Amino acid sequence: MSEHIHKVTEEWAKRALIDAKTYQEWYAQSVTDPDTFWGEHGKRIDWFKPYTKVKDTSFAPGNVFIRWFEDGTLNVAHNCIDRHLPHRANQTAIIWEGDDPSESKHITYQELHDRVGELANVLRNRGVEKGDRVTLYLPMIPEAAYAMLACARIGAVHTIVFAGFSPDSLASRIEDAGSKFVITADEGLRGGRKVPLKANVDAALKRVAGVDHVLVVRRTGGDVDMEPGRDVWYHEAIEQVTTEAPAVEVNAEDPLFILYTSGSTGKPKGVLHTTGGYLVYASMTHQYVFDYQEGDVYWCTADVGWVTGHTYIVYGPLANGATTLMFEGVPTYPDISRFWQVVDKHKVNIFYTAPTAIRSLMQAGEEPVKKTSRASLRLLGSVGEPINPEVWEWYRRVVGDDRTPIVDTWWQTETGGFLITPLPGAIDLKPGSATLPFFGVKPAIVDSEGKVLEGPAEGNLVITDSWPGQMRSIYGDHKRFEETYFATYPGSYFTGDGARRDADGYYWITGRVDDVINVSGHRMGTAEVESALVAHPKVSEAAVVGYPHDIKGQGIYAYVTLMEGEEPSDELRKELVAWVRREIGPIASPDLIQFAPGLPKTRSGKIMRRILRKIAEDEFGNLGDTSTLADPSVVDDLVDNRQNRH
Ligand code: 6R9
């Protein structure tokens, strides 16, 4: 662990919105008197009808409910657009930077208003009503933000499916959400390559019924099939409507969006976020953690298909009247300096990305970074997975020219916004540590029996009380919500992460302790990859674990047992990788497959993943107790054959 501490500089202590003293005072109040604290800070957004109640939450076993500002009414699009118009109509809301460096544009708050209004009218005219779910399957184009805000404007619930997911994954999410409306594009464009989005939607809709309308944005002009009566071009539909659409009054606890995320078991869960608490939390964390101030240009490199794109490209920044940059491309196209070229082109002040991106750029050395200016950068951020202290130091020294603080923000799809994070003017930094809790967040470390550990400790990370951005339920399955997050350590929200707390009270996230792996900052359930593999006719059984990967953080390691009579071969290996890509999407491609005649199982038939993880990590000298295995000789075979993984 790094002992190198980067103290808050005097300059930062002075300019930042929150200094050390304010952090301590506010934090103390936020956890001892959340009603007063959040009652005050809830006013940072506009309410049509002000709330009189603030916090109404329970983590009690069998009776989990989470309600914030529950009698208030508001509209998210009004907060992200209309309320800024009197003084920001001509300010840039979104800077869009295309995949091709010759393509970019500035969208003002007035234009954002008009585009969102049009789209809201298109949706309403086609029967989308308050509470209806709308699935978005879009590339990183401004229309993705318009679509989110258009749904919010009419009280519809958007559910974004990352454009890298397969038709099957898309179909199951459309089905679970019960969407009748899909918004997509002809094709996506990333790193000069086209992604057949409309064709994927067509394939998905052969597998799921109930979708009456598909609205198609023309992005590349590529050839697509349009089904009469169902499919409509976006550019044609908006010609029929005006730009004025009323921002519908919704309750604080009405749903804003559903976002599917992987868990340790079963199919992806529809994480449900509601309106009031989410927006208060998104805007407050965005402003204070990034120290966002008037005129700053802010860039988060995530995709809107993930929660980071929801909270920190769209809702947080726009609620704050910020200028937010949206990037369609990839860090390495047309060349490996692209991020820094974009920073210089748009004079980006605040830059927020994932450790996996930094690690892959580090490989190319300092020159591609150093040849750009980056003088505009003031603050850097990291999210998605633990950042190694060496990578942190490189990020600060090379990208930040030894001048920028780094905010390593720990949070999850479920948490809506940052939970453990530095504040750049208030909290001294330790590379590799997400540091201290944000206002209102009460973390604790528990052992495997649930005993709360005090002082310096390592164990499982739980949060003992609610915060406004917390997910409210799993869509359509509140019981699963309680079982997944509140049953392991009754009375607390279980994060699924392990953590260490040092003598200064700093938190160091050690990674997932469940069967979720984190591949390039993307969450993957090992069970999902396993079900995709066993769906292949030649596979009888599969077990998937994570293993340390230099760039991706974790790679996907699959142990595969074939059906009687099938022979392992490199060809079959390739076939299985292609199969998983098709079933789930490229992000789920196994990095290594080891064919195994048998898997280590207990006598009750449970696969002992602990052993598989150790073999994948090459720690087979230290496999622990194998005496409960039904057939211990299986393990010897796995160890002997590990050279045959590819
Ligand atoms: C925002 C996001 C959540 C999981 C989380 C943890 C890992 C995220 C991290 C981090 C260490 C950080 N994670 N940020 N680990 N340090 N700063 O990534 O949401 O996709 O739901 O993933 O990512 O393991 O539990 P999500």
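Criteria and cut-off values
- All chains use their own residue numbering, which begins from 1 and follows the written sequence.
- It should be noted that, the model being predicted, local features are given only for residues of pLDDT at least 70 and side-chain atom pairs only at 80 or more, the latter also being counted only at that level, while totals for whole chains, interfaces and linings use all residues.
- Hydrogens and waters are ignored; side-chain quantities use all the structure's heavy atoms.
- UniProt positions are given in the numbering used here, feature names are shortened, and annotations may be inferred rather than shown by experiment.
- Distances are taken per atom, and a residue is near a molecule or strand as soon as one of its heavy atoms is within 4 Å of it.
- In the analysis that follows, any N or O atom pair within 3.5 Å is treated as a polar contact, provided that within protein one partner can donate a hydrogen and the other can accept it, and provided that, for residues neighboring in sequence, both atoms belong to side chains.
- Secondary structure follows DSSP: runs of H or I at least 4 residues long count as helices, runs of E at least 2 residues long count as strands, and numbering of each begins at the N terminus.
- Each residue gets one of three labels, nonpolar for Ala, Val, Leu, Ile, Met, Phe, Trp, Tyr, Cys and Pro, charged for Asp, Glu, Lys and Arg, and polar for the others, Gly among them.
- Note on exposure labels: buried denotes an accessible area under 20% of the residue type's maximum, exposed denotes more than 50%, and partly exposed covers the range between, all computed with a 1.4 Å probe on protein chains only.
- Two residues form a contact once any of their heavy atoms are found within 4.5 Å.
- In this text, buried Ala, Val, Leu, Ile, Met, Phe, Trp, Tyr and Cys residues form a nonpolar core when linked through side-chain atoms within 4.5 Å.
- Where each domain begins and ends follows an automated or database-derived domain assignment.
- Whether a set of points on the 1 Å grid over the protein atoms alone is a cavity depends on a 1.4 Å probe fitting there but being unable to get out, while an open set qualifies as a pocket with protein on both sides within 12 Å along at least five of seven lines; lining residues are those with an atom within 4 Å of a point.
- Grid points are joined across faces, edges and corners, and a volume is the space filled by probe spheres set on the points.

- Per an unreviewed UniProt entry, the recorded name for the protein chain is Acetyl-coenzyme A synthetase, and the organism is Pseudochelatococcus contaminans.
- Looking at the Catalytic activity (unreviewed entry) heading of the UniProt record, one finds this comment for the protein chain: "acetate + ATP + CoA = acetyl-CoA + AMP + diphosphate".
- UniProt annotates the protein chain under Cofactor (unreviewed entry) with the comment "Mg(2+)".

### What about the site of the ligand?
So, point 1. Lining the immediate surroundings of the ligand are 17 residues, of which D408, T413, D497, R512 and R523 lie closest.
So, point 2. Between the ligand and R512 there is a distance of 2.8 Å, counted from an oxygen atom to a side-chain nitrogen or oxygen.
So, point 3. In this structure, R523 approaches the ligand through a side-chain N or O atom, which is 2.7 Å from an oxygen atom.
So, point 4. Residue assignment for the shell around the ligand shows that the elements contributing at least two residues are α12 (307-319) and β26 (507-512).
So, point 5. A class-by-class count of the residues in the shell around the ligand yields six nonpolar, six polar and five charged.

### Describing the environment of L325
So, point 1. Mapped onto the secondary structure, L325 falls in strand β17 (residues 323-327).
So, point 2. By relative accessible area, L325 is classed as buried at 0%.
So, point 3. In this structure, L325 is in contact with I95, E97, Y298, W299, C300, I313, V342, H346 and V348, ignoring residues within four places of it in sequence.

### Remarks on the nonpolar core
So, point 1. Judged by nonpolar contacts, the single largest core of 166 residues is most densely connected at L112, Y315, L423, F439 and V560.
So, point 2. For this core, the leading source of residues is helix α7 (residues 142-154), giving ten residues.
So, point 3. The residue makeup of this core includes at least three contributed by each of domain 1 (109-251) and domain 2 (513-641).
So, point 4. The contacts of V560, once residues within four sequence positions are left out, are L533, V539, E541, A542, L576, I593, Q594, F595 and A596.
So, point 5. If you look at the next biggest cluster of nonpolar residues, it comprises 26 residues, including F339, V342, L380 and W394.

### Looking at the layout of surface pockets
So, point 1. Taken as a whole, the second largest pocket encloses approximately 330 Å³ of empty space.
So, point 2. If you trace the second largest pocket, you find 20 residues lining it, with S264, T484, T488, F494 and D514 closest to the centre.
So, point 3. Sorting the residues of the lining of the second largest pocket by element identifies α17 (478-486) and β25 (493-501) as the ones contributing at least two each.
So, point 4. Top contributing element to the lining of the second largest pocket by residue count: β25, with four residues.
So, point 5. Grouping the constituent residues of the lining of the second largest pocket by class yields five nonpolar, eight polar and seven charged.

### Observations regarding empty space enclosed by the protein
Rolled over the atoms, a probe sized like a water molecule indicates the empty space that remains.
So, point 1. Inspection of every chain in the model, using the stated rule, returns four cavities of 30 Å³ or more.
So, point 2. In this structure, the largest cavity encloses a volume near 50 Å³.
So, point 3. Lining of the largest cavity is provided by L74, N75, V76, A152, G155, A156, V250, P255, L256 and T275.
So, point 4. Partitioned by chemical class, the residues of the lining of the largest cavity number seven nonpolar, three polar and no charged.
So, point 5. What lines the second largest cavity is simply S30, V31, P34, W38, K55, G440, K442, D465 and S466.
So, point 6. Mapped by element, the contributors of at least two residues to the lining of the second largest cavity are α2 (20-32) and α3 (34-41).
So, point 7. A breakdown of the residues in the lining of the second largest cavity according to their chemical character gives three nonpolar, three polar and three charged.

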